[in-house]
Amino acid sequence: MGKSLFQKVWDDHVVRQLDSGQYQVFMALHLIHEVTSPQAFGMLKDKGLKVAYPDRTYATVDHIIPTDNQSRPLADDMAEKMIQVLSDATAENGIEFFAPESGSQGIVHVVGPELGLTQPGMTICCGDSHTATHGAFGCIALGIGTSQVRDVLASQTLAMDPLKVRRINVEGELAPGVTAKDVILHIIRILGVNGGVGYAYEYAGSVIDNMTMEERMTVCNMSIEGGARCGYINPDETTFEFLRGKERIPSGDAFDAACEKWRAYASDADAVYDDEITIQAADIEPTVTWGVTPAQAISIRENVPSPASVEGLEKNLITDALNYMQLQADAPIKGTPIDVAFIGSCTNGRLSDFEAVAAVIRGRKVADNVRAIAVPGSEKVDVAARAKGLDKVFEEAGFEWRKPGCSMCLAMNPDKLVGDEVCASSSNRNFIGRQGSSTGRTILMSPVMVAAAAVEGCVADARDVFGMKGAA
Amino acid sequence: MSGMAKVAGTGVYVSGNDIDTDRIIPARYLKCVTFDELGPSLFYDERFNADGSSKGHPLDNPNYSGAEILLTDNNFGCGSSREHAPQAIQKFGLKAVIAGSFAEIFHGNCTTLGIPCLVMDAENRSKLAATIESQPDAEIIIDLEALQVICANEIYPVSMKESTREAFLAATFDPLDNLLSAEAEIRQTAARLGYA
């Protein structure tokens, strides 16, 4: 009987079983940032412990860094202090720190893959739920809490229960204007925000096979929004070609040997899964959220649901979500006015995201009443985008081109919604208050759909706005 | 550290499914380098208007002041891995959470901090919620050995993952000392995998 990638990576990294029944699992790569990790160094100090494997942990700053002016000291004293604490702790413990203006700073889930720190067959953890992103490379990639950051710093291991594996096959071919973001929003819509509890998601099928690594990262990134503990894609030639030549990837014969090792982690053809579902690409359309969870999503052609169609607690949830979003039941989502357009985040802040948008907004203008910002996911993405002149394309269209960071995805920095503004956002969460205002409203969508909304001033079908082939 | 077999206190019911970590503690309160001051920020935007006036949230209802057991609905704690969420719950004075279901990372974070998370079905939750409303002073006793909750002479069955229950009963819910005791095996694993 064959094994899934999850089982292979798990088996390789298990140190031992604990008395509780849980397993102690070695973490191949640990990424840390300024929000959830500084406290862990304090916890270590309190216990008189040292970092056990400092060369397996890497640090950067992303959540709180401003995207307009990053000169130090930062205007926000607490933000400055958080960076300083991380900077001091990493220096003291011999941990490599990708500081602002080092050329390698960025959103932690953009930085790991682009440096080649993220490699197939690894167990990866970070005090951030979107660590699932790294699963795109064939890794078990886990978001963890600060006490677990402490555990990993002190022992390079975690106490864990094994997970079930659900294989999600996406078969067929995506229509023009339908993107990786639409695929994952569609999956979450079908399986729900807690459908993945207890599971690792293995994404497979022809649609996933044909995706680039950046598209695969978008899919895996939002596994957590589907309730899964992690999500992954089996490594293949696309994976290896992406990694070839990356800064921290071996070259020459060593690279070939690494590919051999990585290839062996892919799920066996006769692997057994705890669950398996198949989704047809033809059923996936540009998808947008209408409510306050990522599963409250519909295709751009559909109407917002009505509480009248359901009973019980579900009825209240729809009613509450519609009230918060100030949307009418049964009305089209298309045409909903927006105030802000945000392109960026660990979900959609990579070079190909900006290239895709630049290709359609050249020569167009952001609507007068819309504030539009484009935020590269890392310094490397910024440099690569500028080298292609993308920053100019965005600026000429009326976007602000910012410096790298998490920006408006979670508003722990100056980029925030004001009052009940509506944001067309390429990020990952439409939770109440997520973008920095307790009455702010978020509509999640793909980067090209954000661009269409920015140009039209309201939620729009990018296929119509930009004349993409395949529009009805 | 002694085992945690029982938790007791009065309850408070916060209704709703999919209560995410941004609602439990809004991101702006994550700007800190220790968790010490997080208690007052728990559910802040659900509890207070922009001008600081109360929205009448159950946590601020005098009937439930001093409550130590939080009762809520499905998929509680979804979203971020921020430990700030369970830290705020603990610092506020809550000792245990009973819900229809929990998001996994949140559940793990609570466990490590010694906050038991118990799963209770919808029918029993609505009965317990009604009791909390009618008798806010009634003590709720969570018995981890028997996996039941007792309140106002009623017994409610609850469930918990066995490895988690074991960890509470054996007081190994904070796994660090246990993890560190395997130093040699960790070194062997690292060497075998080429990581050291």
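With that settled, the discussion passes to the overall build of chain A. Scanning chain A from N- to C-terminus turns up 17 helices and 19 strands. The C-alpha atoms of chain A give 21 Å as radius of gyration, which agrees with the globular expectation for 472 residues (23 Å, within 12%). Counting only C-alpha atoms and orienting by the principal axes, one finds that chain A spans roughly 55 × 55 × 50 Å. Counting the 472 residues in chain A, one finds 61% classified as buried. Considering only residue pairs separated by 6 or more positions, chain A has 76% of its internal contacts joining residues 24 or more positions apart.

Now for the domain arrangement of chain A. All names here are of chain A. Annotation of chain A at the domain level lists domain 1 (5-275) and domain 2 (287-465). Distance from the C-alpha centre of domain 1 to the C-alpha centre of domain 2: 24 Å. Those elements that place two or more of their residues in the side of domain 1 that touches domain 2 are helix 4 (108-115), helix 6 (180-191) and helix 8 (213-221). If one sorts the elements of the side of domain 1 that touches domain 2 by residue count, helix 6 sits on top with six residues.

With that settled, consider the sheet that holds strand 1 (residues 14-17) of chain A. Strands sit in the order 1-2-8 (chain A) across an open sheet of three strands; the sheet is antiparallel. Two strands lie at the open edges of the sheet, namely strand 1 and strand 8 (157-160) of chain A, each paired on one side alone. Strand-to-strand twist in this sheet, taken as the mean axis angle between neighbours without regard to direction, amounts to 20 degrees. Of the strand pairs in this sheet, strand 1 of chain A and strand 2 (residues 23-26) of chain A are connected by three bridges, and their pairing is antiparallel. Paired with V14(A) across the bridge in strand 2 of chain A is V25(A). Packed on one face of the sheet, helix 8 (residues 183-192) of chain B meets strand 1, strand 2 and strand 8 of chain A and runs near 145 degrees to strand 1 of chain A.

Attention now goes to the interface of chain B and chain A. Taken together, the contacts link 52 residues of chain B with 58 residues of chain A. Contributing elements (two or more residues each) for the side of chain B that touches chain A: helix 1 (21-24), helix 4 (104-113), helix 6 (162-169), helix 7 (176-180) and helix 8 of chain B. Looking at the side of chain B that touches chain A element by element, the count peaks at six residues for helix 4 of chain B. Residue composition of the side of chain B that touches chain A, by class: 22 nonpolar, 15 polar and 15 charged.

What follows concerns the confidence of the model for chain B. Low-pLDDT portions of the prediction should not be read for the details of their coordinates. Residues of chain B with pLDDT of at least 70 account for 99%, and the chain-wide mean is 96. Prediction confidence for the complex, expressed as pTM and ipTM, is 0.97 and 0.95 respectively.

So, about helix 13 (residues 351-361) of chain A. All names here are of chain A. Of all eleven residues making up helix 13, eight are buried, and the element is well covered by its neighbours. Among the residues making up helix 13, those that are buried are L351, D353, F354, A356, V357, A358, V360 and I361. In this structure, the buried residues of helix 13 make contact with strand 15 (340-343), helix 12 (345-348), strand 16 (371-374), helix 14 (379-387), helix 15 (390-397) and helix 16 (447-456). Of the residues trailing helix 13, G363 is marked for its positive phi of about 80 degrees.

Definitions and limits used
Along each chain, residue indices are assigned from 1 in the same order as the chain's sequence is written. Chains and ligands are labelled by the order in which they are written, letters from A for the one and numbers from 1 for the other. Selection of residues for local features in this predicted model requires a pLDDT of at least 70, selection of side-chain atom pairs for listing and counting requires 80 or more, and totals for whole chains, interfaces and linings are taken over all residues. Here a strand is any run of E in DSSP of at least two residues, a helix any run of H or I of at least four, and the numbering for each starts at the N terminus. With the radius of gyration taken over C-alpha atoms, the globule rule is written as 2.2 Å times the number of residues to the power 0.38. Whether a residue is buried, exposed or partly exposed follows from its count of other C-beta atoms within 10 Å of its own C-beta, namely 20 or more, 12 or fewer, or something in between, respectively; the C-beta atoms are built from the backbone. Residue pairs are scored as contacts if the distance between their C-beta atoms, which are placed from the backbone, is within 7 Å. For the domain bounds, the source is a domain assignment made automatically or taken from a database. A pair of strands is considered paired only if DSSP assigns at least 2 bridges between the two. Axes here refer to lines fitted to C-alpha atoms; in helices the fit is confined to the stretch in contact. Angles between the N-to-C directions go from 0 to 180 degrees. Side-chain classes follow a simple rule in which Ala, Val, Leu, Ile, Met, Phe, Trp, Tyr, Cys and Pro form the nonpolar group, Asp, Glu, Lys and Arg form the charged group, and the remainder, Gly included, forms the polar group. For every residue, the pLDDT score states the predictor's confidence, bounded by 0 at the bottom and 100 at the top.

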